[in-house]
Amino acid sequence: MIYIFGKELFLIRKYQKIDSTYTALSQRVKEQYDTSRRRNYFPKVKLSRNSYDDYTLNYTRQNDSDSFHLRENATILMLVRNSELEGALDSMRSLEDRFNNKYHYDWTFLNDVPFDQDFIEATTSMASGKTQYALIPPEDWNRPQWINDTLFEERLRVMEDEGVLYGGSKSYRNMCRFNSGFFFRQSILDNYDYYFRVEPNVKYYCDFPYDPFRVMRLKGKKYGFVISLYEYEETIPTLWDAVEEYLVASEETILRKEDSAYAFLTDSGLVGKHYPVVEANSDYNLCHFWSNFEIGDLNFFRSDEYKHFFETLDAKGGFYYERWGDAPVHSIGVSLLLRPDEIIHFDELGYFHSPFGTCPASYAVRLDQRCRCKSDDESVIDITPHSCLMRWWKNGSGKYFLKEEQDEI
Ligand code: GDP
Ligand code: MN
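Source: prediction; values computed, not measured.

Assigned secondary structure in the protein chain consists of 15 helices and 12 strands. Expressed as a percentage of its 409 residues, the buried residues of the protein chain come to 40%. The long-range fraction of contacts in the protein chain, counting pairs at least 24 apart against all pairs at least 6 apart in sequence, stands at 81%.

Following this line, the structure appears as structure tokens:
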């Protein structure tokens, strides 16, 4: 009896000691990060570690926790099917929590068939901002008449047999062509300057330390990404041939290769420890920005230059006879038509779309932004051999290394 009591007492003491250590630890974290965790203001966080430029925005925030009045002319944009409602709600919940609940940006939903009532009701109640829904006109979605049906069916069969991802899917091809050349022409977007593409079933791992739309406008950025990787070459065997024809024909009217991000697309030398994971059959190294996350300037996509670029490629039929994705098409378009400093890598925005994610490498940033990710998780692609991010640092707009200034947070 006495023995049992003595053991109990010993355990109680032991746990009390552990408890007090924990309390001290949590107190320390709270002191260190509380001001930013509570976010009465936006701390001075670098816009991106992807530049040597020291300029930071002055993010003095009003004391109220709502920044509705500071909004940009922008919308969150989701192309989605009715059947993906659950996944759409998961993505919305995550983005609202991490970013939009303070801004209430509009959500715009696009679909090739009418949205059903359940979808509209559930997404509207999940959004903190206005919601709007549009039906894509058939001529912006469907396969054009001039595509040769026999050849198309034949190519679908071959790509399906070869095991190409979505190789046998007709609707996937419509989707890729729509996202490449038509999303920005939808009249529901006419009055906006910026869009933030969101897909169902994605996650935002961290609080946004700034409004990315505001960063885009104030810093003159036109395209923003978080993940970059290599494309499956079997989906785009002749895309680069088409790009080369376009380059020859447009040489006089577009940026010189030295002034654009052309080298990001074509350098296949050693970067860091790695050569490209796939040896490409053309001069294109297959690097592209993963377009399921993108924040872009609609006026860039609406420009004659981008439209001409898209139309030149479209005329080749590769969206159907092959399976050209909107990711390489956007990436090649922005890399050829923009200066590298007009493209931004949002280094601080943790994100996951199966099977890859990105997570801030800095421990302090992860705590400060309440991240729910491990930067060394195997899904985190950032500096793995199959990521093109290091190529962007080399051939795009550089890499910013975290500076002391962040310690002030
Ligand atoms: P993945 O990310 O390449 O595997 O392709 P997804 O299936 O995620 O499709 C990309 C985006 O297009 C997602 O936002 C989908 O919801 C959307 N999407 C794909 N196919 C269709 C379709 O046939 N109709 C509609 N309305 N949306 C589609
Ligand atoms: Mn997807």
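Structure shown, so let's carry the discussion forward.
Two faces, one strand: in a regular strand the side chains alternate between the faces of the sheet. Burial analysis of strand β1 (residues 74-79) places 6 of its 6 residues in the buried class, which makes it a mostly covered element. Residues Ala 74, Ile 76 and Met 78 of β1 are buried on one face, and the alternating residues Thr 75, Leu 77 and Leu 79, pointing to the opposite face, are buried as well. Bridge count between β1 and strand β4 (residues 194-197): 4 bridges; the pairing is parallel. Looking at the pairing, Thr 75 lines up with Tyr 195 of β4. Considered for its hand, the β-α-β crossover made up of β1, helix α2 (residues 85-98) and strand β2 (residues 106-111) is right-handed.

Turning to the site of ligand 1, a few remarks are in order. Taken together, the residues surrounding ligand 1 are Leu 79, Val 80, Arg 81, Glu 84, Asn 111, Asp 112, Ser 171, Met 175, Glu 199, Pro 200 and Asn 292. A per-class count over the shell around ligand 1 returns 4 nonpolar, 3 polar and 4 charged.

It is worth spelling out the nonpolar core at this point. By size, the foremost hydrophobic cluster in this structure holds 88 residues, and its most contacted members are Ile 76, Met 78, Tyr 205 and Tyr 351. Looking at this core, the element that brings in the most residues is helix α13 (residues 326-337), giving 6 residues. With near-sequence residues (within four places) excluded, Ile 76 lies in contact with Leu 95, Asn 100, Tyr 105, Trp 107, Thr 108, Phe 196 and Val 198.

Our next topic: unusual backbone geometry. The omega torsion across Ser 354 and Pro 355 is 5 degrees, close enough to zero to call that bond cis. Structurally, Pro 355 is set in the loop between β11 (351-353) and β12 (356-358). Despite not being glycine, His 104 shows a phi value in the positive range, around 60 degrees. Positionally, His 104 belongs in the loop between α2 and β2. Among the residues examined, His 104 registers 16 C-beta atoms within 10 Å and is labelled partly exposed. Backbone geometry places Leu 286, a non-glycine residue, at a positive phi of 80 degrees. Among the secondary structure elements, Leu 286 is positioned in the loop between α9 (262-266) and β8 (287-289).

Further remarks concern the environment of Val 113. Structurally, Val 113 is set in the loop between β2 and α3 (117-126). Residue class for Val 113 comes out exposed when judged on the 10 C-beta atoms lying within 10 Å of it.

About the criteria used
- Residues numbered from 1 in each chain as written.
- Chains lettered and ligands numbered in written order.
- Predicted model: local features only at pLDDT ≥ 70, side-chain atom pairs only at ≥ 80, totals over all residues.
- Helix = DSSP H or I, 4+ residues; strand = E, 2+ residues; numbered from the N terminus.
- Buried ≥ 20, exposed ≤ 12 C-beta atoms within 10 Å, placed from the backbone.
- Contact = placed C-beta atoms within 7 Å.
- Pairing = 2+ DSSP bridges.
- Right-handed = clockwise from strand over helix to strand, strands pointing away.
- Near = placed C-beta within 6 Å.
- Nonpolar A, V, L, I, M, F, W, Y, C, P; charged D, E, K, R; others polar.
- Core = buried A, V, L, I, M, F, W, Y, C linked by C-beta atoms within 7 Å.

Read these as spatial facts, not as claims about activity.
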